[in-house]
Amino acid sequence: MKEKILLLDGSAVIYRSYFAFKNNPLINSRGENTSAIFGFMNTLVSIKKKFDPKYFAVIQDEKAPTFRHKQYPEYKATRDKMPEDLVSQLAPLQELLKAAKVPFFSQAGFEADDIIGTIVSRFSEKFDILILSSDKDLYQLVNDNVQIYRLSKKIFVGPKEVKEKFGVPPAHIIDLLGLMGDSSDNVPGVPKIGMKTAAKLINEFGNIENIIQNSDKITKNSIRKSLQENSDLGTLSKKLVTLDIDVPISISEDEMKFGELFTPELEKFCKRYELNAFSKHFEKKSVEKSEEVSAEIVSEYKLIAKKEDFENLLEELHKQKNIAVDLETNSLNKIDGKIVGISFCYEPKVAYYIPLRHDYGLQLDLNYVLSSLKPLLENKNKFFIGHNIKFDYMIFQNEGIEIANLGFDTMIAAYLLSPDEHRHNLDAVSLKYLEHKMIPISALIGKGKKQLNFTQTAIEAALTYAAEDANITYQLWEILAEKLENQGLFELFKQIEMPLVKVLASMERNGVFVDVKMFKHLSQNLGEKLADLKKKIFELSGEEFNINSPAQLSYILFDKMNLPVIKRTKTGKSTNIDVLEKLSKDHDIASLMIDYRKLAKLKSTYADAFPKLINRGTHRIHSSFNQTVTATGRLSSSNPNLQNIPIRTEIGRGIREGFIAQSEDFTILAADYSQIELRIMALMSEDKNLIKTFQTGGDVHAQTASLIFDIPPDFVTSDQRREAKTINFGILYGMGSYSLSQDLNISREEAKTFKDNYFNHFPKVKEYLEKTKEFAHKNGYVQTLFGRKRFLKYINSRNKNMQKFAERTAINMPIQGTSADIIKIAMSNIYNKIHNKTDEIKMIIQIHDELLFEIRKNFLEKYTEMIKIEMESVLNENHRNIVPIVVDIGHGKNWLEAH
């Protein structure tokens with residue numbers, strides 16, 4: 001039996017590893033992105049464990065152009081530039097390979113695939129070869145001695161599998177790719193020929209040269225014509241995908257020998273880059289070397305399904321102060337969900353699971369357990385820890401239990417430490433801080449249509465899953481509390497974010513009434529407008545087509561109507577909103593398509609969706625308000641998203657009209673901070689002219705227009721006020737002269753003059769902006785008046801575009817973030833005064849700088865005054881004396897009337 005050589009396509013693994021964590025990158029304590037490093041190391045460990053190869057090599061691309069770029073300059077031209085935080089990992093990855101004593105090869109002017117092909121050519125008679133890659137170019141190398149192993153799918157591919165997948169044997173893969181092209185490498189191929197057509201032609205005529213030679217025999221007119229007109233593209237494409245199997249590189253079988261992966265050098269490397277997940281491999285090696293035997297410390301999960309065990313646990317819980325709690329439920333609906341099981345943890349690596357509503361198996365009486373736990377959970381001296389604790393808090397409320405002290409939410413803590421990351425769920429946070437991969441819920445309940453309810457899960461399986469949640473949450477609390485303290489974020493967490501959890505839970509439970517008839521009428525009205533737009537679009541296009549299909553629209557616009565192609569993507573000619581807006585200046589059909597898409601989105605997102613979201617039990621819509629989504633600290637909402645309701649259009653205003661009071665006895669009150677961000681700018685910059693505008697109670701946009709246009713305030717036109725408003729807010733968002741010129745539809749020179757005039761009259765604003773950027777460059781973050789931070793990893797980037805983006809973020813975040821902090825504090829202060837008076841007043845919605853309440857009419861005057869005082873007095877007296885905070889209040893039978 002032959003020995004086997006394993007060849008790993010290293011470049012592919014690097015990219016795959018990086019993008020696997022793109023939305024939630026792994027960042028170590030030095031601020032270094034280690035996603036690709038971690039993923040590559042994990043791949044090496046998997047290969048060692050599965051194959052333990054004697055001969056192994058990693059093959060990598062070089063940065064330099066290859067011979068293919070000389071043949072075809074457009075080769076790979078559509079690929080995005082390598083992200084900077086991936087570039088920064090390339091040198092450490094080379095260190096990793098050296099430390100692990102992994103053989104690796106590359107050659108300037110050639111791709112990794114060419115080197116793999118060369119190794120196959122030289123060694124496949126003596127060795128069996130297994131190529132670890134998913135690159136379809138490599139399938140041309142497959143034969144009885146050469147297989148592909150697809151790492152992502154964990155499947156082996158031989159000649160049979162190649163034929164099944166592509167419809168042709170490995171020897172004809174180059175012909176197939178030559179005909180169909182490869183969008184990922186920008187290999188053109190022959191237009192109109194896809195994989196199935198290419199395979200059919202190859203099986204009929206043989207290689208691409210024979211196909212071209214016999215093109216007159218092809219019966220389908222469009223294919224025959226395309227081949228005859230584009231034969232040169234076909235032969236060029238075949239050359240581009242054909243591997244060079246004679247790369248001038250010296251490689252011997254001894255150089256590919258591979259021994260021990262877990263070397264002392266690799267252990268040092270892992271410690272340097274904080275790859276703690278792999279420490280167990282080195283610990284194991286250390287034990288083997290010293291011939292010592294020690295039991296591996298594992299988490300201990302205990303099932304509490306007997307009364308005696310529960311009573312012992314309850315007695316122990318009463319002794320503890322800090323307790324992590326996690327619920328398993330029959331639904332993710334916080335209004336109707338019920339508890340299936342409860343897990344607790346009060347010491348690392350030991351957790352308990354109490355099953356209560358499983359369909360089968362030994363479990364305790366639900367009422368007995370909940371009534372026994374109620375005094376514990378409602379004890380103010382206990383410090384309860386959870387991940388997304390608002391969910392557990394609301395589910396406990398459904399069972400008649402009010403957790404008294406929501407002490408620590410590890411999801412919120414992780415968010416404050418990394419507000420730019422997109423995922424803060426327990427899986428992501430566990431992987432980041434503990435380098436521990438959680439059991440996926442799909443392992444218990446499956447996916448898709450066959451997904452089980454948690455009540456149907458086996459109790460033994462639920463034990464491990466549920467107890468792990470509590471255990472990991474407890475361990476994260478210990479880590480994240482210290483990190484919050486070290487980053488100066490603990491006071492913000494404790495004073496603003498954690499008190500807000502109960503406020504948001506209350507708002508979500510309160511919900512809001514909607515006028516179903518109004519939404520049905522709006523949906524019908526939008527449907528009629530869409531039908532009219534569709535008719536006009538079809539008239540201009542000369543035919544009917546699927547208006548919601550980008551591919552069909554692309555054909556109409558660019559192939560049939562010959563409109564200019566603005567942008568290409570991997571899938572073809574783009575028809576996105578940016579493209580349509582550029583085309584709309586000269587082509588009515590693009591303008592109509594923009595209107596169609598806007599109305600279609602309003603219909604599906606609001607008019608049709610809102611009535612379906614009404615809870616049958618409460619007859620209200622219960623949106624979720626999220627603390628851990630926006631990087632600035634602002635709240636977001638989901639199911640439905642109330643933040644994106646357009647307010648400047650007639651239809652948008654109509655949507656607001658649909659949010660109503662529950663009866664004639666109630667009214668909707670809207671309290672909106674007036675120009676809060678500009679007031680914060682005045683406060684932070686200490687600019688006397690800007691401060692004076694707010695102290696005198698003048699119209700800030702008219703005053704700004706008066707100054708920059710050098711005219712009396714009474715002579716300011718509406719257009720000049722609009723331009724001044726654009727500049728005022730543009731300054732807040734770090735807008736440059738180009739963006740300002742685009743927004744105002746003026747030249748860059750005029751825009752620059754406007755900005756210069758602005759800064760001449762508000763010099764301290766310019767000084768504040770420059771100081772903020774300097775602080776960001778020096779410290780790597782910016783912060784709000786209340787200490788909220790946003791970390792700017794690209795602020796000192798060598799890429800000027802990324803650096804400029806980070807500077808704009810640095811300018812905007814302290815102002816927008818302070819605004820977010822102010823309304824959050826106001827919400828908590830108001831909640832403390834109204835939460836036990838829901839028959840008189842309910843806080844129901846927060847959106848942007850606005851709070852909505854539903855108030856019984858005979859209490860309107862009392863609560864209007866209280867709300868105004870609380871919202872206007874968040875900042876300390878000194879700050880308020882400098883720049884007054886003003887809240888506009890209105891009320892009416894619906895949101896539109898109140899606003």
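Computed from a prediction, not measured in an experiment: that's the story for all the values here.

1. A few points about the overall build of the protein chain
Secondary structure summary: the protein chain contains 38 helices and 24 strands in total. Across its three principal axes, the protein chain shows a C-alpha extent of roughly 90 × 80 × 55 Å. A total of 899 residues make up the protein chain; the buried ones form 51% of that total. Put simply, of all contacts in the protein chain between residues at least 6 apart along the chain, 68% involve residues at least 24 apart. Surface summary for the protein chain: the accessible area is close to 42,900 Å², and the carbon and sulfur share equals 48%. Of the charged side chains in the protein chain, 122 are positive and 120 negative, and the gap between their average positions amounts to 2 Å.

2. Brief notes about the side chain of D113
Following the sequence through the fold, D113 ends up in helix 5 (residues 112–123). No salt bridge forms around the buried D113; measuring N to O, its nearest opposite-charge neighbour K76 is 6.6 Å away. Beyond its immediate stretch of four places on either side in the chain, D113 contacts D9, D135, D137, L138 and L243.

3. Section: the nonpolar core
Counting 183 residues, the largest nonpolar core has I342, F408, F659, Y673, M843, F853 and I867 as its most contacted members. Here this core gets 13 residues from one element, more than from any other, and that element is helix 20 (residues 459–486). Excluding its chain neighbours within four sequence positions, the residues that come into contact with M843 are V503, M507, N510, M827, I830, Y831, I834, L851, L852 and F853. Core analysis: the next-biggest nonpolar cluster, separate from the first, contains 54 residues, Y139, V142, A198 and L227 among them.

4. With respect to the pattern of salt bridges
Inspection of every chain in the model, using the stated rule, returns 42 salt bridges. Residue E378 is joined to K374 by a salt bridge in which the shortest nitrogen-to-oxygen separation is 2.9 Å. Look at E378 and you get partly exposed, because its relative accessible area is 31%. A relative accessible area of 30% places K374 in the partly exposed class. Put simply, R721 and D699 hold a salt bridge, and the shortest N to O gap is 2.9 Å. Highlighted residues: R721 in helix 31 (residues 718–732) and D699 in the loop between helix 29 (688–695) and helix 30 (700–709), separated in sequence by 22 residues. Linked through salt bridges whose partners overlap, the residues forming this network are R68, K76, E111 and D114.

5. Some points on the environment of F625
Tracing the backbone shows F625 in strand 16 (residues 624–626). With relative accessibility at 2%, the residue F625 sits in the buried group. Taking C-alpha positions, F625 is 8.1 Å from M507, a pair spaced 118 residues apart along the chain. Apart from residues no more than four positions distant in its own chain, F625 is found in contact with K390, L504, M507, E508, S636, S637, L642, I844, I845 and Q846.

6. Examining the sheet that holds strand 23 (residues 850–856)
Judged by pairing direction, the sheet is antiparallel, and its four strands sit side by side in the order 22-23-19-24 without closing on themselves. Looking at the sheet topology across the chains shown, the edges are occupied by strand 22 (841–847) and strand 24 (887–892). Between one strand axis and the next, the sheet turns through 20° on average, direction left out of account. When strand 19 (residues 666–673) meets strand 23, the two strands line up antiparallel, connected through seven bridges. By the bridge assignment, D672 is partnered in strand 23 with E850.

7. Comments concerning the side chain of R620
Positionally, R620 belongs in the loop between helix 26 (609–612) and strand 16. Accessibility expressed as a relative area gives 6% for R620, which makes it buried. A polar side-chain atom of R620 sits 2.7 Å from a polar atom in the side chain of E854.

8. Section: the packing of aromatic side chains
Inspection of every chain in the model, using the stated rule, returns 32 aromatic pairs. For the pair F21 and F38, a centre-to-centre distance of 5.9 Å together with 85° between the ring planes defines the contact as edge-to-face. Placement of the pair is F21 in the loop between helix 1 (10–20) and helix 2 (35–51) and F38 in helix 2, with a sequence separation of 17 residues. For the residue pair F21 and F38, the accessibility class agrees, reading buried in each case. Consider the rings of F519 and F659, whose centres lie 6.3 Å apart with planes at 85°: the pair is edge-to-face. Residue F519 is located in helix 22 (residues 516–541), and its partner F659 is located in strand 18 (residues 659–660); the two are separated by 140 residues in the primary sequence. When sorted by exposure, F519 lands in the same class as F659, which is buried. Taken together through their ring pairs, the aromatic side chains of F519, Y606, F610, F659 and W895 make up a single cluster. K165 extends its terminal NZ or CZ atom over the ring of F166, reaching a point 5.5 Å from the ring centre.

9. Quick word on the packing of helix 35 (residues 800–834) against helix 36 (residues 860–872)
The interhelical angle for the contact between helix 35 and helix 36, taken along N-to-C directions, is 145°, at an axis separation of 9 Å. Between helix 35 and helix 36 lies a crossing whose hand is right-handed. Here A826, N829, I830, K833 and I834 of helix 35 come into contact with helix 36, specifically with Y863, M866, I867, E870 and M871. Among the residues forming the contact of helix 35 with helix 36, the class breakdown is seven nonpolar, one polar and two charged.

10. Details of the sheet that holds strand 2 (residues 55–59)
With mixed pairing, six strands are arranged side by side in an open sheet as 3-2-1-4-5-6. Single-partner strands in this sheet number two, and they are strand 3 (104–105) and strand 6 (155–157). In terms of strand pairing, strand 2 meets strand 3 through two bridges, oriented parallel. Paired with I59 across the two strands is F105, which belongs to strand 3. Its contacts with the sheet place helix 1 against strand 1 (4–9) and strand 2, and it is angled at close to 45° to strand 1. Where helix 2 meets the sheet, its contacts fall on strand 1, strand 2, strand 4 (128–132), strand 5 (146–150) and strand 6, and the angle it forms with strand 1 comes to roughly 165°.

11. A short note on unusual backbone geometry
Look at the link from N639 to P640: it is a cis peptide, with omega at 0°. Looking at the element boundaries, P640 is found in the loop between strand 17 (636–638) and helix 27 (650–657). Positive phi values are uncommon outside glycine, yet K101 reaches one of about 55°. Considering the arrangement of structural elements, one finds K101 in the loop between helix 4 (84–99) and strand 3. Located in the positive-phi region is N186, a residue other than glycine, with phi close to 60°. With respect to the secondary-structure elements, N186 resides in the loop between helix 7 (173–180) and helix 8 (195–205). With a relative accessible area of 19%, N186 lands in the buried category.

Reading the values: the criteria
Residues numbered from 1 in each chain as written. Predicted model: local features only at pLDDT ≥ 70, side-chain atom pairs only at ≥ 80, totals over all residues. Heavy atoms only, no water. Helix = DSSP H or I, 4+ residues; strand = E, 2+ residues; numbered from the N terminus. Buried < 20%, exposed > 50% of the residue type's maximum accessible area, 1.4 Å probe, protein only. Contact = heavy atoms within 4.5 Å. Areas by Shrake-Rupley, 256 points an atom, 1.4 Å probe, with all protein chains shown as cover. Lys, Arg positive; Asp, Glu negative; His and termini not counted. Charge placed at Lys NZ, Arg CZ, Asp CG, Glu CD. Salt bridge = Lys/Arg side-chain N within 4 Å of Asp/Glu carboxyl O. Core = buried A, V, L, I, M, F, W, Y, C linked by side-chain atoms within 4.5 Å. Pairing = 2+ DSSP bridges. Axes fitted to C-alpha atoms, helices over the stretch in contact; angles between N-to-C directions. Polar contact = N/O pair within 3.5 Å; in protein donor to acceptor, adjacent residues only side chain to side chain. Phe/Tyr/Trp six-rings, centres within 6.5 Å; stacked < 30°, edge-to-face > 60°. Lys NZ or Arg CZ within 6 Å of the ring centre and 35° of its normal. Left-handed = near helix turned anticlockwise from the far one by under 90°. Nonpolar A, V, L, I, M, F, W, Y, C, P; charged D, E, K, R; others polar.

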